[in-house]
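An overview of the molecular structure
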Amino acid sequence: MLVRRLDPILVDRIAAGEVVERPAAAVKELVENAVDAGASSIEITVEAGGRRLIRIVDDGQGMNPEDLELAVERHATSKLPDGDLFSINTLGFRGEALPSIGAVARLAITTRTADAGTGSMIVVEAGVKGPVRPASAPKGTRVEVTDLFAATPARLKFLKSDRSEAQAVAEIVKRLAIAHPTVRFTLSGEHITSFTYPPEEPGEHGFLRRLSRVLGSDFNENAMSIGVEREGVRLTGFASLPTYHRGTSTAIHFVVNGRPVRDKLLLGAVRGAYADVMASDRHPVLALMIELDPRAVDVNVHPAKTEVRFRDPAFVRGFVVAAIKEAISRFGTRASSTVGTRTLESLRPQGTLPSRPAYAHRPSLIRPSSGFANWQAPLDPAPQTYAPASGLAEAQATLPDLAAPSADGRATLAEIEPELEAAPLGAARAQLHGTYIVAQTQDGIVIVDQHAAHERLVYERLKRERASSGIARQLLLIPEVVDLDPVDADRVLAEASMLEGLGLVVEPFGHGALLVREVPSALAGGRIKALVQDVADALAEWGQGAANPLEERLDAVLSRMSCHGSIRAGRRMRPEEMNALLREMEATPLSGQCNHGRPTYVELKLTDIERLFGRR
C-alpha cells in the first residue's frame, strides 16, 4: 500500500474529530475566541442542541479583512506573537478551531474593528473557503455555524438527543461564566432555559455574586472564602461548608490562569481536603481560581484543553488541600443553612388545619395523637380541676392519663444565663428522646444530635493528642479477648505498632483471636469488641502498606475508634452536661458535622418558626 499525502480538507476533518467532537465543544472554542478578543458581552444561541445552529455574537475588538481571511486557515493564530508555547496567556493558541469547524459544517463569520468604516464577511462550507466580502456589521464578531457535521454525517449518529446536547452547551457556558465574571453571558435556544449573567465588578464580592447566579442563590450563605498565596501561586475563590454538598462532582470548578479545567490532580486534592468531614459519596460545591506563572503549567496536554500539567504537581496539590482545610477549620462550627431549611419544610403540615368550632372556652385534656395533619384536641364537656405543677413528675402525677414524657425538661427549671443564651449554640433547655438537645439562642433555637456532636469532639481530641504527646492509654484491669475472622485478625496484628501509637494495644491470642490490653483513655468504657472490629474494617478499606498517606490512614482509624467513645443515643444528660457539650462544640473546629459528614446540629431562626405558625 502506497503512502500518500492526505487532502487538506480531509486533514481538517480529522482534526475536527479531536477538537469538535460535539456541539458543546464548538461553542467552547468560539466563546474562548470571544474572550481572547476582549469581549465584554457574549451572546450564544443554539438550535437543535447546536446541530442546526450555533450563533456567537461578541463586542470584542474584531478583525480586519486580511486577518479574517487568514483566521480560517489551519494553524493560523494571533495568540502566539513570539512563538513561545511555554508562555501562553490566552485561552486559544493552536489555530485549529475555525478551520476544523469549517471542515464539517457551514461557517459564516462577520466582523468589524472599531476604526473600520465597514465590516467583512467570509463563508467556509465543508472545508471550501469563499472570498472575503464587505458587510454591514457592528464592532465585534458574529460567528454562525449551521448544519454541524453535515460534511461527516456518520458523526451525527454518535450525538445524543437535542436536549442532552443543549444541556452540555449550557454547562460549558456556565463554566466559562465562572471563569470570567466581568463578562456578560447570554444563552438562549431550544431545549434549554435561557439565562443571562450580567457582568460583575472585579474582586471577591463580584465573583461571589456570579457564583450565586450560576451555582444557586443559597451558595452565597454557605460559602467559605479562600485567599492564599505561596511561592508565586495564588489561590482565591469560595468553597462550600462540609454540610452543603451534592451527589456528583459537577459543581466543582477550577480555573487555572483564566482557563476552566477538569483536572484529576485538583479533583483529588478536593477529595483529600474534605475526606475528614464529608461522606465519600458526596461532593462539595466550590469555585477556585489558581493564578501562577504560565511557564509553571502546561496547557497543551489535552485536545480539548480541559486538563493541565503542573511543573510541581505535589506542591499544587498540597497547596490546594491545605487552603481548603484551613477554611474548613475556620468555618467548621457552622452548619449549612439548607439543613435548617429542610427541617422547616419537613415540619410544615401537608394540609390545612380545620377551623375550631366557636364553643365557649372549656379546659381540655390533650392526649397523644398519631398525626399532625387534620388534628384537633378533643373538647371535654366535663370540667377538669388541675393542681399546680412545678415539673414533669408532678404533672405526670396530676394527669395520669398522659403518656410518659419523651423529653427531659429539667433544664427549663433554671433561669437562662444571658451569657449562655448569647453563645452561638445557646443555652440547653431540654433533651428529647435521650438523643437530641434543644438549646435556646437569642434569635431562635438549636437542635443538637448529642451522639454525632460528641463523636466529632472525641475524634478531634484524639487527633490533637496524637499530634502532641501521643494518645493517652488506659490499661484494662482484665484484658479482653476479641474473636475475629482470621484474615481480619492478621490484618490488625500486622498494624499493631501503628495501633499502639493510637492508644490501642493488642496481642495475638490464638487462631483468629486478639487480646486487648490497653485502649485510648477517651474510649474507656466503650464496647471493645465493636471497637476492634471497626478498626479491622478501616484497615481493610485503606489497605495495608497503602499508597495513601500515613496521615490519612491514621485519621481513618481514629474516626472509626471515636464512635465508640462518644455519648450514646438514649443517654439522659444533666443540664450542666448539655451546656458543657455545647460550649465544647463552639470551641472545637469542624464540630458542625460528624466524622461521616452529617450535620451535628440544626438551627431554626425565630422568624422562620413564627412563619411556620402563621405569626408572620
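Use the structure listed above.
The sections below set out a description of the structure shown in this document. In this text, all values refer to a predicted model and were calculated from it rather than measured experimentally. (Residues numbered from 1 in each chain as written. Predicted model: local features only at pLDDT ≥ 70, side-chain atom pairs only at ≥ 80, totals over all residues. Heavy atoms only, no water.)

Here's the deal with the packing of aromatic side chains
For the structure shown, the criterion picks out 4 aromatic pairs. Their ring planes at 55 degrees and their centres at 6.4 Å tell us that Phe219 and Tyr244 sit as a pair that is tilted. Placement of the pair is Phe219 in the loop between helix H6 (204-215) and strand E10 (223-230) and Tyr244 in the loop between strand E11 (233-240) and strand E12 (245-246), with a sequence separation of 25 residues. By relative accessible area, Tyr244 is classed as buried at 5%. A centroid spacing of 5.8 Å and a plane angle of 5 degrees characterise the contact between Phe315 and Phe319, whose relative ring orientation is stacked. Taken together, the positions of Phe315 and Phe319, both in helix H8 (residues 313-331) and 4 residues apart, correspond to about one turn of that helix. Sitting over the face of the ring of Tyr459, Lys463 holds its NZ or CZ atom 4.7 Å from the ring centroid. (Phe/Tyr/Trp six-rings, centres within 6.5 Å; stacked < 30°, edge-to-face > 60°. Helix = DSSP H or I, 4+ residues; strand = E, 2+ residues; numbered from the N terminus. Buried < 20%, exposed > 50% of the residue type's maximum accessible area, 1.4 Å probe, protein only. Lys NZ or Arg CZ within 6 Å of the ring centre and 35° of its normal.)

What to know about the pattern of salt bridges
Taken as a whole and judged by the stated rule, the model has 29 salt bridges. Across the salt bridge formed by Lys605 and Asp443, the nearest N and O atoms sit 3.2 Å from each other. Here the residue Lys605 occupies a position in strand E26 (residues 601-605), and Asp443 occupies one in the loop between strand E21 (436-441) and strand E22 (444-449), the gap between them amounting to 162 residues. Under the relative-accessibility criterion, Asp443 is labelled partly exposed at 37%. Put simply, Arg571 and Glu577 hold a salt bridge, and the shortest N to O gap is 2.9 Å. Salt bridges here are not isolated pairs; linked through shared partners, they connect Glu200, Glu201, Arg209 and Arg213. (Salt bridge = Lys/Arg side-chain N within 4 Å of Asp/Glu carboxyl O.)

Topic: the environment of Pro599
With respect to the helices and strands, Pro599 occurs in the loop between helix H17 (575-587) and E26. Taking the C-alpha atoms as reference, Pro599 lies 9.9 Å from Met278; in sequence the two are 321 residues apart.

Regarding the pairing of strand E2 (residues 53-58)
Taken together, the 6 bridges between strand E1 (residues 41-47) and E2 define a ladder with antiparallel strand orientation. By the bridge assignment for E2, Ile44 is matched with Ile56. Linking E1 back to E2 in an antiparallel pair, the connection comprises 5 residues, with Ala48 at a positive phi of about 55 degrees. Of the strand pairs in this sheet, E2 and strand E7 (residues 140-146) are connected by 6 bridges, and their pairing is antiparallel. Note that in E7 the partner of Leu53 across the bridge is Thr146. (Pairing = 2+ DSSP bridges.)

Let's talk about the sheet that holds strand E13 (residues 252-256)
The 5 strands lie next to each other as E10-E11-E16-E13-E14, forming an open sheet whose pairing is mixed. Looking at which strands have only one partner, the edges of the open sheet turn out to be E10 and strand E14 (259-261). For this sheet the average axis-to-axis angle between neighbouring strands, irrespective of direction, equals 15 degrees. Sheet analysis places E10 next to E11, joined by 8 bridges and oriented antiparallel. What sits directly across from Gly227, in E11, is Thr236. Contacting E10, E11, E13 and strand E16 (286-291), H6 crosses the sheet at an angle of about 45 degrees to E11. In the packing of H8 onto the sheet, contacts are made with E10, E11, E13 and E16, and the angle to E10 comes to roughly 140 degrees. (Axes fitted to C-alpha atoms, helices over the stretch in contact; angles between N-to-C directions. Contact = heavy atoms within 4.5 Å.)

As for the pairing of E7
In terms of burial, E7 is a largely internal element, 5 of the 7 residues being buried. Relative to E7, strand E3 (residues 106-112) runs antiparallel, the two sharing 7 bridges. Residue pairing in the sheet places Thr110 in a bridge with Arg142 of E7.

A look at the sheet that holds strand E23 (residues 473-483)
Across the sheet, 3 strands lie side by side as E23-E25-E24; this open sheet has antiparallel pairing. At either end of the open sheet lies a strand with only one pairing partner, and these are E23 and strand E24 (505-508). With strand direction ignored, the average angle separating the axes of adjacent strands in the sheet is 20 degrees. Two strands pair when backbone bridges link them, and E24 and strand E25 (residues 513-520) are joined in this way by 4 bridges, in the antiparallel orientation. Within E25, the position partnered with Glu507 by the bridge is Leu515.

Focus: helix H4 (residues 97-104)
Most of H4 sits out of view: 8 of its 8 residues are buried. Among all positions in H4, only Ala97, Leu98, Pro99, Ser100, Ile101, Gly102, Ala103 and Val104 are buried.

Quick look at the packing of helix H2 (residues 23-36) against H4
Between H2 and H4, the least distance of the axes is 10 Å, while the angle of their chain directions is 140 degrees. Judged on the interaxial angle alone, H4 and H2 are oblique. In the packing of H2 onto H4, the handedness of the crossing is left-handed. Facing Ala26, Glu29, Leu30 and Asn33 of H2, the residues of H4 in contact are Ala97, Leu98 and Ile101. Classifying every residue of the contact of H2 with H4 by side-chain character gives 5 nonpolar, 1 polar and 1 charged. (Parallel < 35°, antiparallel > 145°, perpendicular 65-115°, else oblique. Left-handed = near helix turned anticlockwise from the far one by under 90°. Nonpolar A, V, L, I, M, F, W, Y, C, P; charged D, E, K, R; others polar.)

Topic: the packing of helix H5 (residues 162-179) against H6
Running from amino to carboxyl end, H5 crosses H6 at an angle of 165 degrees, the nearest separation of the two axes being 9 Å. With respect to H6, the axis of H5 lies roughly antiparallel. For the pair H5 and H6, the sense of crossing is left-handed. The residues of H6 that touch H5, namely those facing Lys174, Ala177 and Ile178, are Phe207, Arg210, Leu211, Val214 and Leu215. When its residues are assigned to classes, the contact of H5 with H6 shows 6 nonpolar, no polar and 2 charged.

Describing the environment of Ile56
Tracing the sequence through the fold places Ile56 in strand E2. Separated by 14 residues in the primary sequence, Ile56 and Ile42 have C-alpha atoms spaced 6.9 Å apart. Excluding residues within four positions of it along the chain, Ile56 makes contact with Leu30, Val31, Ile42, Glu43, Ile44, Thr141, Arg142 and Val143.

Considering H5
In an α-helix there are 3.6 residues to a turn, and that puts residues three or four apart on one side. Taking 1.5 Å per residue, 18 residues should reach 26 Å; H5 reaches 26 Å between its end C-alpha atoms and fits that length. What H5 keeps buried is the set Glu165, Ala166, Ala168, Val169, Ala170, Val173, Arg175, Leu176, Ala177, Ile178 and Ala179. (Expected span 1.5 Å × (residues − 1).)

Considering the side chain of Ser240
Here Ser240 shows up in strand E11. You can call Ser240 buried: its relative accessible area is 0%. Of note is the side chain of Ser240, whose polar atom sits 2.9 Å from the backbone oxygen of Tyr244. The residues contacting Ser240, other than those within four sequence positions of it, are Phe219, Asn222, Ala223, Met224, Tyr274, Pro284 and Val285. (Polar contact = N/O pair within 3.5 Å; in protein donor to acceptor, adjacent residues only side chain to side chain.)

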